[in-house]
Structure formats: C-alpha cells, structure tokens
Amino acid sequence: MKKIWMTLIIIFAGIVTVACSQQDVEENPQFLDVQLTATPEKADVNEEITFEAKVTYGSEEVKDADEVKFEIWRSHDENHEKIMAVHSENGIYRLKKSFTEEGTYYIISHVTARSMHNMPKIEFIVGNPSEPEEDNNSADMEMDSKEEEEHNGH
C-alpha cells in the first residue's frame, strides 16, 4: 500500500511541476513588434523616400518574416499601391520610392511572422500637404484585415 501512495505522490508532484513550468511560459508571451519609419517624413516631389519596417519578436530581430508588404496611398485616393518587401538587414525590411504628385500620403506595413500579424500606419508629406484623412480608418483597416485573412486562408 505504501508503494501505491508513494507512486501517486510522485505522479502528482510531476503533474504540478509540468503545470507550473507551462504557466511560466504563458506568463511571458512574446509579441510581434513593427516600427515603421519614413525618411524623410517630408520630401520634395521626385525625392526618394526610404520606408523601413523594423520587425522584432520579443528581443529577436525577425529576418524571416512570412510576408512584409507596404501599402501606400495619397490621402483620399481609393487606389492603394501594395509592394512586397524583402529583408535588408538586422530585422529591417526596406523600400525606396519617390512620388510625382504632391500631397499627404499614408503607408501601412502589413507584417506576418511567428503566426502573428501587425500593421502599423504612418503619414508622410510630399511637397505641399493635401487634406489629410480623418483618423477613423478602422473600417478600412478592418476590411483590409478581412481581405488578408481570406488571402492567407485564415
């Protein structure tokens, strides 16, 4: 009988140890972070702008993202250009582009990596600014998100 109790205590201790170690992993989840920049933030017409998405997962630089796509458009324009980006260095995905029309522009980087998706958005100016869009683009972003889910099969 003592052997049965001892076996049960050892099994129970093992279960508690495994449960506690799994809980520690879940308490420190890592997140996909994307720092999106445009250099310069205000450019002249036909001046090259460098867009960079610095992608990290926790403290790790993500050099093998599943997808990094830049979506660019002029304020109040329904035509959005989408350009795939490739890894340049140290978790940075880079695109260089110039614009022939003045105005206020927006860029969203759609980044998918480590089974997560992040899509920060910034504004930049080419020449003289045009009327900016209102900041309530959540419906547009929600629609883009649904389109991407359909595209990715999720």
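Residues numbered from 1 in each chain as written. Predicted model: local features only at pLDDT ≥ 70, side-chain atom pairs only at ≥ 80, totals over all residues. Heavy atoms only, no water.

Caption draft 1: The arrangement of the overall build of the chain in detail. Secondary structure assignment for the chain yields two helices and eleven strands. Element order for the chain, N to C, with α for helix and β for strand: α-β-β-β-β-β-β-β-β-β-β-β-α. Evaluated residue by residue, the chain yields a buried proportion of 33% over its 154 residues. Taking contacts inside the chain between residues at least 6 apart in sequence as the whole, the part at least 24 apart equals 64%. (Helix = DSSP H or I, 4+ residues; strand = E, 2+ residues; numbered from the N terminus. Buried < 20%, exposed > 50% of the residue type's maximum accessible area, 1.4 Å probe, protein only. Contact = heavy atoms within 4.5 Å.)

Caption draft 2: Representation of the confidence of the model for the chain in the model. Considering every residue of the chain, the mean pLDDT works out to 84; 75% of them sit at 70 or more. Element-level mean pLDDT values for the chain span from 46 in helix H2 (residues 138–152) up to 98 in strand E5 (residues 67–74). pLDDT under 50 marks residues 137–154. Its contacts with residues more than four places away, or in other chains, come to 13 contacts. (pLDDT = per-residue confidence, 0-100.)

Caption draft 3: Fine view of unusual backbone geometry. Look at the link from Thr39 to Pro40: it is a cis peptide, with omega at -5°. Summarising the element assignment, Pro40 is placed in the loop between strand E1 (32–39) and strand E2 (42–43). The phi dihedral of Asn46 is positive, around 65°, even though this residue is not glycine. Position of Asn46 relative to the elements: it lies in the loop between E2 and strand E3 (49–57).

Caption draft 4: A look at the nonpolar core. Core analysis: the biggest nonpolar cluster contains 25 residues, and Ile49, Phe51, Val55, Phe70, Ile72, Phe99 and Phe124 have the highest contact counts within it. Listing elements by their share of this core, those giving two or more residues are E1, E3, E5, strand E8 (92–97), strand E9 (103–113) and strand E11 (121–126). Residues in contact with Ile49, not counting those within four places in the same chain, are Ala38, Thr39, Pro40, Ala43, Leu95, Lys96, Lys97, Phe99, Phe124 and Val126. (Core = buried A, V, L, I, M, F, W, Y, C linked by side-chain atoms within 4.5 Å.)

Caption draft 5: Structural detail: the side chain of Lys97. Position of Lys97 relative to the elements: it lies in strand E8. Judged by its relative accessible area of 19%, Lys97 falls in the buried class. Engagement of the side chain of Lys97 in a polar contact is seen with the side chain of Glu81, the distance being 3.2 Å. The contact partners of Lys97, leaving out residues within four places of it in the chain, are Glu47, Glu48, Ile49, Phe51, Ile72, Glu81 and Ile83. (Polar contact = N/O pair within 3.5 Å; in protein donor to acceptor, adjacent residues only side chain to side chain.)

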